[in-house]
Amino acid sequence: MIEPKKGNINKLRSTNQEMRFAPYRLLGYFCWMLTTVFQNLRCTFSAMNQFVFFKGCFVAVERIAWGKWGTCAGQACLSVDYVLVEEKLAPTLIELLQKTLKKFQIEDPKNVARVVNKRHFVRLANLLQDPGVLASIVHGGSMNEANLLIEPTILLDPPLEAEIMIEEIFGPLLPVITVKSVDESIEFINQRPKPLALYAFTNDENLKKQVVSQTSSGSVTFNDVIVHFVCDELPFGGVGQSGFGKYHGKYSFDTFSHGKGVLRRSFLIEIAPRFPPWNDFKLAFVKLLYDFDYFGLLLLMLGLKRY
């Protein structure tokens, strides 16, 4: 067993402040993917609202944990790669993730998916060899090479220039990156390749609009992760570096079909300025036509416009 040294984290504490989990990226094995999580559940001093607040937080964290460690230990193109969280809420997020891991019993070797082969096990192990990355581990980190097992691992603010933050992870390692605001998290997203999928947890309609309008991704899912893939009425595919084309239902048919354009005209009307020899009138006519200046064309035809 390999036991990396765990870094230090400030007190893990619950909070009834506004909680906003900002974006987390997801990198697929053969495609670049970006997933984002926001939590924007507000509560007042009433017990009922506090219950709703904490319930929403737990549901969001459980879905994130499932999206990371429940998908073959992160070995899926839609699994979570990293999380961005507001700095003051990082301890709460990590505490909830740890409780969720215990609840899911994912850390039990009987319930942990093995790394697909030794080559990828070594690759994942090497990601943790960077001293800065090793020091950022706040949970897990142990490995069993003989059985190709890696404990679910959470890292807090590993160096952004480290390999774990540059290449795809495709394994049970989850970096948590702190940001100061939602705007900073969106900027963080836009500085990286366009994602295949973007996930956001929020009840704030304005925030939803901001996510959709200010980021570019293959798809966006609010308040869940991965499940959009099984919705056959939604197109699934990437954009830019995350892929091109889309499938599911009729979208699959359209992707693999050629749309042949067919235009039918009669012999009744012909536009003389399309044919040579050219003169000033014809050139002016063509220029106005390309500019969609129909009023100018009318004046030209009536002799009321110079050319």
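The rules behind the values
- Residues numbered from 1 in each chain as written.
- Predicted model: local features only at pLDDT ≥ 70, side-chain atom pairs only at ≥ 80, totals over all residues.
- Heavy atoms only, no water.
- UniProt positions renumbered as here; feature names shortened; annotations may be inferred.
- Core = buried A, V, L, I, M, F, W, Y, C linked by side-chain atoms within 4.5 Å.
- Buried < 20%, exposed > 50% of the residue type's maximum accessible area, 1.4 Å probe, protein only.
- Helix = DSSP H or I, 4+ residues; strand = E, 2+ residues; numbered from the N terminus.
- Contact = heavy atoms within 4.5 Å.
- Phe/Tyr/Trp six-rings, centres within 6.5 Å; stacked < 30°, edge-to-face > 60°.
- Lys NZ or Arg CZ within 6 Å of the ring centre and 35° of its normal.
- Pairing = 2+ DSSP bridges.

Going by the annotation in an unreviewed UniProt entry, the name recorded for the chain is Aldehyde dehydrogenase domain-containing protein, with Papaver nudicaule given as the source organism. For the record of the chain, the UniProt heading Sequence similarities (unreviewed entry) holds the text "Belongs to the aldehyde dehydrogenase family."

Peer 1: In this structure, what is going on with the nonpolar core? I would like to understand it.
Peer 2: In summary, soluble globular proteins display a tendency toward joint burial of nonpolar side chains. By size, the foremost hydrophobic cluster in this structure holds 30 residues, and its most contacted members are Trp69, Val83, Leu93, Leu97, Ile154 and Val176. If you list the elements that add at least two residues to this core, you get α1 (47–69), β1 (83–86), α2 (90–104), β5 (153–156) and β6 (173–179). Among residues more than four places away in sequence, those in contact with Ile154 are Trp69, Ile94, Leu97, Gln98, Leu101, Ser136, Ile137, Val138, His139, Leu174 and Val176. Within the second largest apolar cluster, 22 residues are counted, among which are Val115, Met143, Leu155 and Leu173.

Peer 1: Is there a simple way to think about the packing of aromatic side chains in this case?
Peer 2: Each pair of aromatic rings is reported with the distance of its centres and the angle of its planes. Considering all chains together, one arrives at 5 aromatic pairs under this definition. Ring centres of Tyr82 and Phe188 lie 5.7 Å apart, and the angle between their planes is 85 degrees; on these two criteria the pair is classed as edge-to-face. Within this pair, whereas Tyr82 is found in the loop between α1 and β1, its partner Phe188 is found in helix α5 (residues 182–190), the two being separated by 106 residues in sequence. For the ring pair Phe292 and Tyr294, a centre distance of 6.4 Å and an interplane angle of 70 degrees mean the geometry is edge-to-face. For Tyr294, a relative accessible area of 54% translates into the label exposed. If you follow Arg192 out to its NZ or CZ, it ends over the ring of Phe188, 3.6 Å from the centre. If you follow Lys208 out to its NZ or CZ, it ends over the ring of Phe222, 5.6 Å from the centre.

Peer 1: I keep staring at the pairing of β1 and nothing clicks. Help me out?
Peer 2: The side chains of a regular strand alternate, first on one face of the sheet and then on the other. Residues of β1 alternate between two faces, with Val83 and Val85 on one and Leu84 and Glu86 on the opposite face, all of them buried. Here β1 runs beside β6; their pairing, made up of 4 bridges, is parallel. Within β6, the position partnered with Glu86 by the bridge is Val179.

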